[in-house]
Amino acid sequence: MTTSELAPAAQARILLRSLDRAALATLDAEGGPYASLVLVATDPAGQPLLLISRLAEHTGNLERDSRAALLFDGTAGLDQPLAGPRLTVSGRAEPADDPALRTRYLARHPDAAGYAGFPDFSLWRVRVARGHMVAGFGAIHRFDADDLLIGPPPALTAAEPGIIGHMNDDHADALDLYAQALLGRSGTGWRMTGIDADGADLRLGAAVARLAFAAPVTDAEAARKELVRLVRHARGGGLAD
């Protein structure tokens, strides 16, 4: 099954997790719209995480009015961009002073470690309320938060650092195989930056990729079995879902 054959909500969840940047819309001091570019990660449930500075216009906007929207643009490289998928999620942003979420963000954006400790930077999370996806001409879908978010299994969340470390240290060849054989990506040296019930996040330099699981996993053993299955699938040839 290809991504386009998935249910719209599943397509939206993959798109949200697949991209590491988005256009952020906030309200300025006069109540007018203001758009900016931000780097994005997600929490285990799929809610966007932002590392932003108090010196930025959008941060001041969020401090006055927490309403926000993020546009995730999946049309890069298409000859007809309007035929490609894009997802807007909206909700309210709030500071997220959680070391585990900070670790997750910096794994997704390792270069951000160079400024993450500056006193004007802080981590924020957008509490998703709804979503709107255009998957191509005439393919319009609206979602509630329950459609876009997953319930993070506590056992998997606790095991995430160990799984990531094990895959990066001991199974780098498998990560390259996932990227090349299953996702159609090039290059070697891919690293896992996150894992959740629905899939795993990969990165190589400026490139990011999303490895979707066939079914949700709930703990380290279920994740191990799915990662082994995907290696076998990759060695069998053919691009993944």
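Things to note about the overall build of the protein
For step 1, the next point in the chain: Each helix and strand in the protein was counted, giving seven helices and ten strands.
For step 2, the next point in the chain: Here the C-alpha atoms of the protein give a radius of gyration of 18 Å, agreeing with the 18 Å that 2.2 N^0.38 yields for 241 residues.
For step 3, the next point in the chain: For the protein, the spread of C-alpha atoms along the three principal axes comes to 60 × 45 × 30 Å.
For step 4, the next point in the chain: Looking at the protein residue by residue over its 241 residues, the buried ones come to 46%.
For step 5, the next point in the chain: In the protein, the share of contacts with a sequence separation of at least 24, taken over all contacts with a separation of at least 6, comes to 60%.
For step 6, the next point in the chain: Surface accessibility of the protein: about 11,800 Å² in total, with carbon and sulfur atoms responsible for 55%.

Observations concerning the pattern of salt bridges
For step 1, the next point in the chain: Tallied over the full model, the rule gives twelve salt bridges.
For step 2, the next point in the chain: The closest approach of N and O atoms between Asp198 and Arg13, which form a salt bridge, is 3.3 Å. With Asp198 in the loop between β8 (191-196) and β9 (199-204) and Arg13 in helix α1 (residues 8-18), the pair connects residues that are 185 residues apart, well separated along the chain.
For step 3, the next point in the chain: With relative accessibility at 21%, the residue Asp198 sits in the partly exposed group.
For step 4, the next point in the chain: Judged by its relative accessible area of 24%, Arg13 falls in the partly exposed class.
For step 5, the next point in the chain: Connected via shared salt-bridge partners are Arg17, Asp196, Asp201 and Arg210.

Side note on the packing of aromatic side chains
For step 1, the next point in the chain: Evaluated as defined, the whole model comprises two aromatic pairs.
For step 2, the next point in the chain: Following the ring pairs from residue to residue traces out a cluster consisting of Tyr115, Phe118 and Phe121.

So, empty space enclosed by the protein
For step 1, the next point in the chain: Throughout the structure, instances matching the rule amount to two cavities of 30 Å³ or more.
For step 2, the next point in the chain: Of the voids in this model, the largest cavity is the one considered here, and its volume is about 70 Å³.
For step 3, the next point in the chain: For the lining of the largest cavity, the secondary-structure elements that each account for two or more residues are α1, β2 (33-42), α3 (99-108) and β8.
For step 4, the next point in the chain: Looking at which element gives the most residues to the lining of the largest cavity, the answer is β2, with three residues.
For step 5, the next point in the chain: For the lining of the largest cavity, the class distribution of residues is four nonpolar, three polar and four charged.
For step 6, the next point in the chain: Of the voids in this model, the second largest cavity is the one considered here, and its volume is about 40 Å³.
For step 7, the next point in the chain: Pro44, Arg104, Pro152, Pro153, Leu156, Thr157, Glu160, Ile195, Asp196 and Ala197 are the residues that line the second largest cavity.

Some points on the packing of helix α6 (residues 172-182) against helix α7 (residues 220-235)
For step 1, the next point in the chain: Two numbers describe how α6 lies on α7: the axes approach to 9 Å, and their chain directions differ by 50°. In terms of their interaxial angle, α6 and α7 are classed as oblique. The chirality of how α6 crosses α7 is left-handed. Contacts between α6 and α7 involve Ala174, Leu177, Tyr178, Ala181 and Leu182 from the former and Leu227, Leu230, Val231, His233, Ala234 and Arg235 from the latter.
For step 2, the next point in the chain: For the contact of α6 with α7, the class distribution of residues is nine nonpolar, one polar and one charged.

Re α7
For step 1, the next point in the chain: With 16 residues, α7 extends 23 Å between its outermost C-alpha atoms, agreeing within 8% with the 22 Å of an ideal straight helix rising 1.5 Å per residue.
For step 2, the next point in the chain: Those residues of α7 lying buried are Ala223, Glu226, Leu227, Leu230, Val231 and Ala234. Along the axis of α7, the buried residues cluster in a sector spanning 145°; they form a single face. Of the exposed residues in α7, the ones pointing more than 90 degrees away from its buried face are Lys225, Arg232 and Arg235.
For step 3, the next point in the chain: Note on α7: the residue one or two positions beyond its end, Gly237, has a positive phi of about 90°.

Some points on the pairing of β2
For step 1, the next point in the chain: With seven bridges connecting them, strand β1 (residues 21-27) and β2 associate as antiparallel partners. Its bridge partner lying in β2, Ala25 is registered against Ala35.
For step 2, the next point in the chain: Connecting β1 to the antiparallel partner β2 that follows it, the hairpin turn spans five residues, and Gly31 within it adopts a positive phi of roughly 85°.
For step 3, the next point in the chain: Examined bridge by bridge, β2 and strand β3 (residues 48-53) share three bridges and lie antiparallel to one another. Within β3, the residue paired with Val40 across the bridge is Leu50.

Calculation rules
- Residues numbered from 1 in each chain as written.
- Predicted model: local features only at pLDDT ≥ 70, side-chain atom pairs only at ≥ 80, totals over all residues.
- Heavy atoms only, no water.
- Helix = DSSP H or I, 4+ residues; strand = E, 2+ residues; numbered from the N terminus.
- Rg over C-alpha atoms; globule rule 2.2 N^0.38 Å.
- Buried < 20%, exposed > 50% of the residue type's maximum accessible area, 1.4 Å probe, protein only.
- Contact = heavy atoms within 4.5 Å.
- Areas by Shrake-Rupley, 256 points an atom, 1.4 Å probe, with all protein chains shown as cover.
- Salt bridge = Lys/Arg side-chain N within 4 Å of Asp/Glu carboxyl O.
- Phe/Tyr/Trp six-rings, centres within 6.5 Å; stacked < 30°, edge-to-face > 60°.
- 1 Å grid on protein atoms, 1.4 Å probe; cavity = no way out; pocket = protein on both sides within 12 Å on 5 of 7 lines; lining within 4 Å.
- Points joined across faces, edges and corners; volume = space filled by probe spheres on them.
- Nonpolar A, V, L, I, M, F, W, Y, C, P; charged D, E, K, R; others polar.
- Axes fitted to C-alpha atoms, helices over the stretch in contact; angles between N-to-C directions.
- Parallel < 35°, antiparallel > 145°, perpendicular 65-115°, else oblique.
- Left-handed = near helix turned anticlockwise from the far one by under 90°.
- Expected span 1.5 Å × (residues − 1).
- Arc of directions from axis to C-beta.
- Pairing = 2+ DSSP bridges.

By themselves, these observations are geometric and do not establish any function.
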